[in-house]
Amino acid sequence: MRQLSDNTKGIFYLILSAFFFALMAALVKLAGHIHFVQKSFFRNSVAFIIAFFYLLKERKEKGADAVKIPQGSLKWLILRSCGGTIGIFGNFYAIDHLVLSDASILNKMSPFFAIVFSLIILKEKIKSVPLIAIIIAFLGSMLVVKPSFNFTEFLPTAAGFAGGIGAGLAYSCVRKLGTMNCNGKIIVFFFSGFSMLFSVPYMITSFNPMTLSQVLLLVGGGIAAAGGQFAITAAYYHAPARDISIYDYTQLIFSTLFGIIFFDQIADLYSIIGYAIIVSMAVLNFVWTKKNHEKEASLSK
């Protein structure tokens, strides 16, 4: 049997992560009328426990230095955790109140915002083609968001959009931490613990009693989220983002299918046009980035 290339493995793992994250969203929505902060607490608790045991194992095998927080990285861990908490709160609120595919595509604005935050955090210049893609994708997102003066109707889409911004900030901070050789498991552990602590005041004052099925659905959502995290890590271990990142948008397909199967949800025409614009801009940015990298690589030889 012919061995799979690293790019093929990367694509497989990225599509697998997209499936897991879409499944997480569906399970969270199926859990019903539980406050989004409580849902996020259970989701993060699973990732926290898994990361904790991995860190214990790594410390035992490689010593204390392997799980040490690098000097100067604490502020970036905190900023990543703040962005990630905004991202997950916004995403979970949107999941509860929107068509599942709408919540998914608003969260997938995060790569565009990551480009913007990379300018601020990593001092990476935004070139003309990605800038055009960001602007057009933003306009496309407005077809999904549908701004209105009815705050009650607008709030879920605004929350989903804010979640995409928070996730974009978090991804940029993860890249910054990567340049500082911060252990990825520490990043997951720190973020999960931070977000859980942020949820504690609500859990103490306003905890919603849950049925066994709701607990199992939320635990399942946490396991699916952890599966997504591990799969996306494996994807970018095997192949660079410029070669495979576009396949992350397969989450929209899975979310659309889960929305139809579990919730009888079909996006409206404006949202579908918005999806097409955002995904088209992601394709444009993907193709341009790959060609630009190949050109720079050939010139450096």
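Here is what the cut-offs are and how they apply
Residues numbered from 1 in each chain as written. Predicted model: local features only at pLDDT ≥ 70, side-chain atom pairs only at ≥ 80, totals over all residues. Heavy atoms only, no water. Axes fitted to C-alpha atoms, helices over the stretch in contact; angles between N-to-C directions. Helix = DSSP H or I, 4+ residues; strand = E, 2+ residues; numbered from the N terminus. Parallel < 35°, antiparallel > 145°, perpendicular 65-115°, else oblique. Left-handed = near helix turned anticlockwise from the far one by under 90°. Contact = heavy atoms within 4.5 Å. Nonpolar A, V, L, I, M, F, W, Y, C, P; charged D, E, K, R; others polar. Expected span 1.5 Å × (residues − 1). Buried < 20%, exposed > 50% of the residue type's maximum accessible area, 1.4 Å probe, protein only. Core = buried A, V, L, I, M, F, W, Y, C linked by side-chain atoms within 4.5 Å. Phe/Tyr/Trp six-rings, centres within 6.5 Å; stacked < 30°, edge-to-face > 60°. Salt bridge = Lys/Arg side-chain N within 4 Å of Asp/Glu carboxyl O.

Caption draft 1: Seen up close, the packing of helix α3 (residues 74–97) against helix α4 (residues 100–107). With their axes 8 Å apart at the nearest point, α3 and α4 run at an angle of 160° to one another. When the axes of α3 and α4 are compared, the pair comes out roughly antiparallel. Like other packed secondary-structure pairs, α3 and α4 cross with a definite hand, here right-handed. Note on element contacts: α4 touches α3 through L100, A103 and N107, opposite N91, A94 and I95. Classifying every residue of the contact of α3 with α4 gives 4 nonpolar, 2 polar and no charged.

Caption draft 2: Fine view of helix α11 (residues 250–263). Over its 14 residues, α11 runs 19 Å from end to end, which matches the ideal 20 Å to within 8%, given 1.5 Å per residue. Within α11, burial applies to T250, Q251, L252, S255, F258 and G259. Directly beyond the C-terminal end of α11, a positive phi value near 55° is found at D264.

Caption draft 3: Region of interest: unusual backbone geometry. Positive phi, close to 60°, is recorded for N181, a residue that is not glycine. Looking at the element boundaries, N181 is found in the loop between α7 (151–179) and α8 (184–206). Judged by relative accessible area, which is 67%, N181 ranks as exposed. Positive phi is not limited to glycine here, since D264 has a value of about 55°.

Caption draft 4: Geometry of the nonpolar core. Judged by nonpolar contacts, the single largest core of 60 residues is most densely connected at F92, I95, M109 and F112. Ranked by residues supplied to this core, first place goes to α3 with 8 residues. Setting aside residues no more than four positions away along its own chain, F112 makes contact with A133, I134, A137, Y249, I278, M281 and A282. By size, the runner-up hydrophobic cluster in this structure holds 5 residues, among which are L14, A235, A239 and I244.

Caption draft 5: How the structure looks around the packing of aromatic side chains. A complete count under the given rule lists 17 aromatic pairs for this structure. On the numbers, 5.8 Å between centres and 80° between planes, the contact of F36 with F89 is edge-to-face. With F36 in helix α2 (residues 36–62) and F89 in helix α3, the pair connects residues that are 53 residues apart, well separated along the chain. Side by side, F36 and F89 carry an identical accessibility label, which is buried. Their ring planes at 65° and their centres at 5.7 Å tell us that F138 and F161 sit as a pair that is edge-to-face. Within this pair, whereas F138 is found in helix α6 (residues 128–145), its partner F161 is found in helix α7, the two being separated by 23 residues in sequence.

Caption draft 6: Focus on the pattern of salt bridges. According to the stated counting rule, one finds 4 salt bridges in the structure shown. Measuring nitrogen to oxygen at the nearest pair gives 3.0 Å for the salt bridge that ties K185 to E58. Note that K185 is positioned in helix α8 and E58 in helix α2, a separation of 127 residues in sequence. We classify E58 as buried; its relative accessible area is 12%. Here D65 and K68 are joined by a salt bridge, their closest N and O atoms 3.1 Å apart.

Caption draft 7: Main features of the packing of helix α5 (residues 110–121) against α6. Axis separation between α5 and α6 bottoms out at 10 Å; the angle between their running directions is 130°. With respect to their mutual orientation, α5 and α6 come out oblique. Considering how the two elements wind past one another, α5 and α6 form a crossing that is left-handed. Of α6, the residues touching α5 (which contributes F112, I115 and V116) are P130, A133, I134 and A137. Across the contact of α5 with α6, the residue classes break down as 7 nonpolar, no polar and no charged.

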